[in-house]
Amino acid sequence: LDMWTHPATQRNINLLAEYGCTLIPPEHGELASGLVGTGRMAEPENIVAFLSRFFTENFTENFTEKQSTTVFLSTEKTVKTMTLPKNVLITSGPTYEAIDPVRFIGNRSSGKMGTALAEELAEKGMNVTLITGPTQQKAQHENIKTIQIESAAEMLAACEQYFEQADICIWAAAVADYRPKNAAVHKIKKTDSDLIIELESTTDIAKTLGAKKRPNQLLIGFALETNNAHENAIGKLHRKNLDAVVLNSTEDAGAGFNHDTNKVTIIEKSGKETAFPLKSKTEVAKDICMVIMRLIS
């Protein structure tokens, strides 16, 4: 920690940056000196993820109409090729399930996380199809095709249309689990009596499409939990045939719906778990994409 923060070290780091060098930053944790802080060498898997992202960003600028491009990563002993995916499908935002023409059942999802992921992957040169429920978020990148939907049924139909051609699917939307069984054709007028609404299950989009997953597809899901978070997230990972699930909990301050920040743990099918501190959703999107690039490689 003292060595890293020493003015001489920082001066030399800044000089290297001026020469155009790219820094793989040190990590935070227990140090040989007995201190806890920034100064650890980056873990090998994080170095590989960093390099994957670096080469992706630099090589995907020249994408043509081909479905993929190949990046060569070399070490002293091996040469490995990494095929970069071309098409990404992302769901985002809430769904609204109609009670009558003016009322609906919905949730508090803002769509910020899904939009941030779309922007990050589009910046890497991938073609992104963003299927989003009602939200104020607007994707800006030219590589993003946005499809606006309202209900869970509409989101399922749109996902089925684009699922087959997608190399990566990210299920970031907060899709309603239930909808009114019989939506009223006209506005329900208020009376002195209680109103009882019968609900029925919606189709589980991630589970339905996960059953059709191709061997070369990568499926990433989200789990927003209020209790038994870890257990519930792992259950979702296996039930829906995901390669990884991004867990966040409403019990963590600043995480979940209607925040500009999020605190996530990424749990992979292999059992590997990576916990991240509270960050902006833009930075969280970068972290998720780093894991995605590692899983691809």
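Residues numbered from 1 in each chain as written. Predicted model: local features only at pLDDT ≥ 70, side-chain atom pairs only at ≥ 80, totals over all residues. Heavy atoms only, no water.

Colleague: In this structure, what is going on with the overall build of the protein chain? I would like to understand it.
Modeller: For the protein chain, the helix and strand inventory stands at eight helices and 18 strands. For the protein chain, the residues scored as buried account for 42% of the 297 residues in total. Considering only contacts in the protein chain between residues 6 or more positions apart, those separated by 24 or more positions represent 55%. Accessible surface for the protein chain amounts to roughly 16700 Å². Of this, 51% is attributable to carbon and sulfur atoms. (Helix = DSSP H or I, 4+ residues; strand = E, 2+ residues; numbered from the N terminus. Buried < 20%, exposed > 50% of the residue type's maximum accessible area, 1.4 Å probe, protein only. Contact = heavy atoms within 4.5 Å. Areas by Shrake-Rupley, 256 points an atom, 1.4 Å probe, with all protein chains shown as cover.)

Colleague: So what exactly am I meant to see when it comes to the packing of helix α4 (residues 112–123) against helix α8 (residues 281–296) here?
Modeller: Between α4 and α8, whose axes approach to 8 Å, the crossing angle comes to 55 degrees. Our classification of the angle between α4 and α8 gives oblique. Along this stretch, α4 crosses α8, giving a crossing that reads as right-handed. Only Lys281, Thr282, Val284, Ala285, Lys286, Ile288 and Cys289 of α8 make contact with α4, whose side of the interface consists of Lys112, Met113, Ala116, Leu117, Glu120 and Leu121. (Axes fitted to C-alpha atoms, helices over the stretch in contact; angles between N-to-C directions. Parallel < 35°, antiparallel > 145°, perpendicular 65-115°, else oblique. Left-handed = near helix turned anticlockwise from the far one by under 90°.)

Colleague: Looking at this structure, how should I read the layout of surface pockets?
Modeller: A probe matching the size of a water molecule, rolled over the atoms, marks out where space remains unfilled. Approximately 1000 Å³ is the volume attributed to the largest pocket. In terms of lining residues, the largest pocket is bounded by 46 residues, among which Ala173, Ala174, Val175, Phe222 and Lys236 are the most central. Where the lining of the largest pocket is concerned, the elements lending two or more residues are β5 (87–92), α4, α6 (205–210), β13 (218–225) and α7 (229–239). Considered class by class, the residues forming the lining of the largest pocket number 17 nonpolar, 19 polar and ten charged. One number sums up the size of the second largest pocket: a volume of about 610 Å³. If you go around the second largest pocket, you meet 21 residues; those closest to its centre are Glu27, Asn46, Phe276, Asp287 and Met290. Looking at the lining of the second largest pocket, the elements with two or more residues in it are α3 (44–59), β17 (273–275) and α8. (1 Å grid on protein atoms, 1.4 Å probe; cavity = no way out; pocket = protein on both sides within 12 Å on 5 of 7 lines; lining within 4 Å. Points joined across faces, edges and corners; volume = space filled by probe spheres on them. Nonpolar A, V, L, I, M, F, W, Y, C, P; charged D, E, K, R; others polar.)

Colleague: Explanation requested: the packing of aromatic side chains in the structure shown.
Modeller: The geometry of two aromatic rings is summed up by the distance between their centres and the angle between their planes. Taken as a whole and judged by the stated rule, the model has two aromatic pairs. Aromatic side chains tyrosine 96 and phenylalanine 104 sit 3.8 Å apart centroid to centroid with 15 degrees between the ring planes, which places their arrangement in the stacked category. Centre to centre, the rings of phenylalanine 163 and tryptophan 171 are 6.4 Å apart; their planes meet at 20 degrees, and the pair counts as stacked. (Phe/Tyr/Trp six-rings, centres within 6.5 Å; stacked < 30°, edge-to-face > 60°.)

Colleague: Just to check I follow, could you spell out the sheet that holds strand β14 (residues 244–249) for this structure?
Modeller: Two orientations exist for strands paired in a sheet by backbone hydrogen bonds: parallel and antiparallel. An order of β9-β8-β5-β10-β13-β14-β16-β17 is seen for the eight strands of this open sheet, with the pairing classed as mixed. Sheet topology places β9 (144–148) and β17 at the edges, where each strand pairs with a single neighbour. The sheet shows a mean angle of 15 degrees between the axes of neighbouring strands, taken without regard to direction. Pairing of β5 with strand β10 (residues 168–171) involves four bridges; the strand directions are parallel. Residue pairing for β10: valine 88 is matched across the bridge by isoleucine 168. The strands touched by α7 within the sheet are β13, β14, β16 (265–268) and β17, with β14 carrying the most contacts at an inclination of about 155 degrees. (Pairing = 2+ DSSP bridges.)

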